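Residue-level listing of the chains:
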Amino acid sequence: MADSIFSHVTEGIRQVVSKEEPFLSSLNTEIISSELNKQNRTIKQILGHLIDSASNNHQRMIRLQYNKNLVFPDYRQDNDLWIALQDYQHADWESLIQLWKYYNLHMIQIIKSVDLTKLDNDWHDFEGEKVTLKEMIEGYLSHLHLHINEIHELCNS
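This one's a predicted model, so the numbers in the text were calculated from it and none came from an experiment.

### As for unusual backbone geometry
Then comes step 1: One non-glycine residue, asparagine 40, adopts positive backbone phi at about 65 degrees.
Then comes step 2: For asparagine 40, the location among the structural elements is in the loop between helix H3 (29–34) and helix H4 (43–63).
Then comes step 3: Of note in this structure, aspartate 87 is not a glycine but carries a positive phi near 50 degrees.
Then comes step 4: Mapped onto the fold, aspartate 87 is located in the loop between helix H5 (79–86) and helix H6 (93–113).
Then comes step 5: Its relative accessible area of 37% is what places aspartate 87 among the partly exposed residues.

### Some remarks on the packing of H4 against H5
Then comes step 1: Contact pair H4 / H5: the axes reach a minimum separation of 10 Å and the direction vectors enclose 105 degrees. Between H4 and H5, the angle falls in the class roughly perpendicular. On H5, the residues that touch Gln45, His49, Asp52 and Asn56 of H4 are Asn79, Trp82, Ile83 and Gln86.

### Some words on the layout of surface pockets
Then comes step 1: In this model, the largest pocket occupies a volume close to 450 Å³.
Then comes step 2: Around the largest pocket, the lining is made up of 22 residues, and of these Asn57, Arg60, Arg76, Trp123 and His143 lie nearest the centre.
Then comes step 3: At the level of elements, H4 and helix H7 (133–156) are the ones that each hand at least two residues to the lining of the largest pocket.
Then comes step 4: Sorting elements by how many residues they give to the lining of the largest pocket places H7 first, with 8 residues.
Then comes step 5: Taken together, the residues that form the lining of the largest pocket break down as 6 nonpolar, 9 polar and 7 charged.
Then comes step 6: Taken as a whole, the second largest pocket encloses approximately 160 Å³ of empty space.
Then comes step 7: If you go around the second largest pocket, the residues you meet are Asn37, Lys38, Gln39, Leu146, His147, Asn149, Glu150, Glu153 and Leu154.
Then comes step 8: Tallied by class, the residues present in the lining of the second largest pocket amount to 2 nonpolar, 4 polar and 3 charged.

### With respect to the environment of lysine 118
Then comes step 1: Along the chain, lysine 118 turns up in the loop between H6 and strand S2 (122–124).
Then comes step 2: For the pair lysine 118 and valine 9, spaced 109 residues apart in sequence, the C-alpha to C-alpha distance is 18 Å.

### Focus: the sheet that holds strand S3 (residues 130–132)
Then comes step 1: Taken in spatial order, the 3 strands make up an open sheet running S1-S2-S3, and their pairing is mixed. Where the open sheet ends on each side, the last strands, each with one partner, are strand S1 (69–70) and S3.
Then comes step 2: The sheet contact formed by S1 and S2 spans 2 bridges and is parallel. Pairing of asparagine 69 across the sheet is with aspartate 122, part of S2.

### A word on the pattern of salt bridges
Then comes step 1: All chains considered together, the criterion is met by 4 salt bridges.
Then comes step 2: Between glutamate 21 and lysine 101 there is a salt bridge, and its shortest N-O distance comes to 3.2 Å. Of this pair, glutamate 21 sits in helix H2 (residues 7–26) while lysine 101 sits in helix H6; the two residues are 80 residues apart in sequence, bridging distant segments of the chain.
Then comes step 3: Lysine 101 sits in the buried class, given a relative accessible area of 14%.
Then comes step 4: In this structure, aspartate 80 and arginine 41 form a salt bridge, with 3.2 Å as the shortest nitrogen-oxygen distance. With aspartate 80 in helix H5 and arginine 41 in the loop between H3 and H4, this residue pair connects regions lying 39 residues apart in the sequence.
Then comes step 5: When its relative accessible area of 5% is taken as the criterion, arginine 41 is described as buried.

The rules behind these values
Residues numbered from 1 in each chain as written. Predicted model: local features only at pLDDT ≥ 70, side-chain atom pairs only at ≥ 80, totals over all residues. Heavy atoms only, no water. Helix = DSSP H or I, 4+ residues; strand = E, 2+ residues; numbered from the N terminus. Buried < 20%, exposed > 50% of the residue type's maximum accessible area, 1.4 Å probe, protein only. Axes fitted to C-alpha atoms, helices over the stretch in contact; angles between N-to-C directions. Parallel < 35°, antiparallel > 145°, perpendicular 65-115°, else oblique. Contact = heavy atoms within 4.5 Å. 1 Å grid on protein atoms, 1.4 Å probe; cavity = no way out; pocket = protein on both sides within 12 Å on 5 of 7 lines; lining within 4 Å. Points joined across faces, edges and corners; volume = space filled by probe spheres on them. Nonpolar A, V, L, I, M, F, W, Y, C, P; charged D, E, K, R; others polar. Pairing = 2+ DSSP bridges. Salt bridge = Lys/Arg side-chain N within 4 Å of Asp/Glu carboxyl O.

Shown next as structure tokens:
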């Protein structure tokens, strides 16, 4: 059962969401809109990027369960374009938090329900690197932590 194999991932996502939602909601407008990380992104834009990550990984994880070798665009080289086109900088903060929260709760459901016979199905990123469904699931939580930690660093600077 996928839930037992990936319980560290699903429980990790659940913990991040339950811990970080109140923290994110407590942040004031000034800090979320002005503090910049090393990629020149505000906290609002970082959270927007995490929504994009959930959205893209959602698509890949589902499609890899019925495609052995997935041909699907990689948005990593266009992260800033995605952020700009969606105008996360001017989006309602509470709506962004809720979208991030519920998308990640849905990611837990996807991971718990994944077809274990499809874990070796793969997708190739824009650099040609092969990524299996299993690797994608296992890497999701670390990416989430990476950017949540960035937000905390910006708040503490």
